[in-house]
Amino acid sequence: MSEDRPIVNPQPRRNADGTTTVTTLDAGDIRLLCPSWCRVRHGYLYPPAKADIAHRSEPEWALVDTAETGPTSLVEVGLVQWPFGDHRQVFLDVATDDGFKQVGPTAAREIAAALRAHADHIDAMAAKLVAIRAGGA
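Residues numbered from 1 in each chain as written. Predicted model: local features only at pLDDT ≥ 70, side-chain atom pairs only at ≥ 80, totals over all residues. Heavy atoms only, no water.

### Quick look at unusual backbone geometry
Trans peptide bonds make up the majority, and among non-glycine residues the majority have a negative phi. Unlike most non-glycine residues, His-42 shows phi in positive territory, near 60 degrees. Following the sequence through the fold, His-42 ends up in the loop between strand S3 (28-32) and strand S4 (55-56). (Helix = DSSP H or I, 4+ residues; strand = E, 2+ residues; numbered from the N terminus.)

### Things to note about the nonpolar core
Counting residues in each nonpolar core, the largest one holds 5 residues, listed as Val-22, Ile-30, Leu-32, Tyr-44 and Ile-53. Other than its neighbours up to four places away in sequence, Val-22 contacts Pro-12, Gly-28, Asp-29, Ile-30, Leu-32, His-42, Tyr-44, Pro-48 and Ile-53. (Core = buried A, V, L, I, M, F, W, Y, C linked by side-chain atoms within 4.5 Å. Buried < 20%, exposed > 50% of the residue type's maximum accessible area, 1.4 Å probe, protein only. Contact = heavy atoms within 4.5 Å.)

### Points about the state of the cysteines
Inspection of every chain in the model, using the stated rule, returns 0 disulfides. Between Cys-34, a cysteine without a disulfide, and Cys-38, which holds the nearest cysteine sulfur, the sulfur-to-sulfur distance is 3.9 Å. For Cys-34, a relative accessible area of 28% gives the class partly exposed. Residue classification places Cys-38 among the buried residues on the basis of a relative accessible area of 9%. (Disulfide = S-S within 2.5 Å.)

### Looking at the sheet that holds strand S1 (residues 13-14)
Pairing is antiparallel across the open sheet formed by 3 strands, whose spatial order is S1-S2-S3. Each edge of the sheet is formed by a strand with only one pairing partner; in this case those strands are S1 and S3. For strand S2 (residues 20-24) and S3, the ladder comprises 5 bridges, and the chain directions are antiparallel. Bridge pairing links Thr-20 to Leu-32 in S3. (Pairing = 2+ DSSP bridges.)

### A short note on the side chain of Thr-21
For Thr-21, the position within the fold is in strand S2. Of the polar contacts made by the side chain of Thr-21, one reaches the side chain of Asn-15; its length is 2.9 Å. If near-sequence neighbours (up to four positions away) are discounted, Thr-21 is found in contact with Pro-12, Arg-13, Asn-15, Asp-29, Ile-30 and Arg-31. (Polar contact = N/O pair within 3.5 Å; in protein donor to acceptor, adjacent residues only side chain to side chain.)

### What about helix H1 (residues 105-133)?
For H1, with 29 residues, the first-to-last C-alpha span of 42 Å sits near the 42 Å given by 1.5 Å per residue. Note on H1: the residue one or two positions beyond its end, Gly-135, has a positive phi of about 95 degrees. (Expected span 1.5 Å × (residues − 1).)

### Observations regarding the pattern of salt bridges
Under the counting rule described, the total for this entry stands at 4 salt bridges. Salt-bridge contacts for Arg-56 lead to Asp-93; the nearest nitrogen and oxygen are separated by 2.9 Å. Here the residue Arg-56 occupies a position in strand S4, and Asp-93 occupies one in strand S7 (residues 91-96), the gap between them amounting to 37 residues. Its relative accessible area of 32% is what places Arg-56 among the partly exposed residues. The buried category is assigned to Asp-93, whose relative accessible area is 7%. (Salt bridge = Lys/Arg side-chain N within 4 Å of Asp/Glu carboxyl O.)

### Regarding the environment of Leu-33
Considering the arrangement of structural elements, one finds Leu-33 in the loop between S3 and S4. By relative accessible area, which is 63% here, Leu-33 ends up exposed. Residues Leu-33 and Thr-20 lie 13 residues apart in sequence; the distance between their C-alpha atoms is 6.6 Å. When neighbours within four sequence positions are excluded, Leu-33 is seen to be in contact with Gly-18, Thr-19 and His-55.

Below, the structure written as structure tokens:
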């Protein structure tokens, strides 16, 4: 086999007991039992390291359909867990302007509070916009 040819990972195998067998780069075949919220099929283009295997929920988007611009998505969140990584807890995966951040419950609530405050700011700016368009200062 050529050194520069990629290693193609075998597809995950579904087992009769509800687990999935995934071939990893460093631990061979492992069996996964996915939590109820996991929507990942665990198919990988290349064999993953065991610690890189992740459970992910379906992403949830804050969506808006405005009369002026139509539908758009604002922020994506979902659950994520690396069951064999250093931190095995479940995290909230939040899309930010500089990538995804994985946070726990406290930070998730802080993000929600910041979004509510930002929504209030947007409402205030909308009121200002109405005044400006009406000829006010």
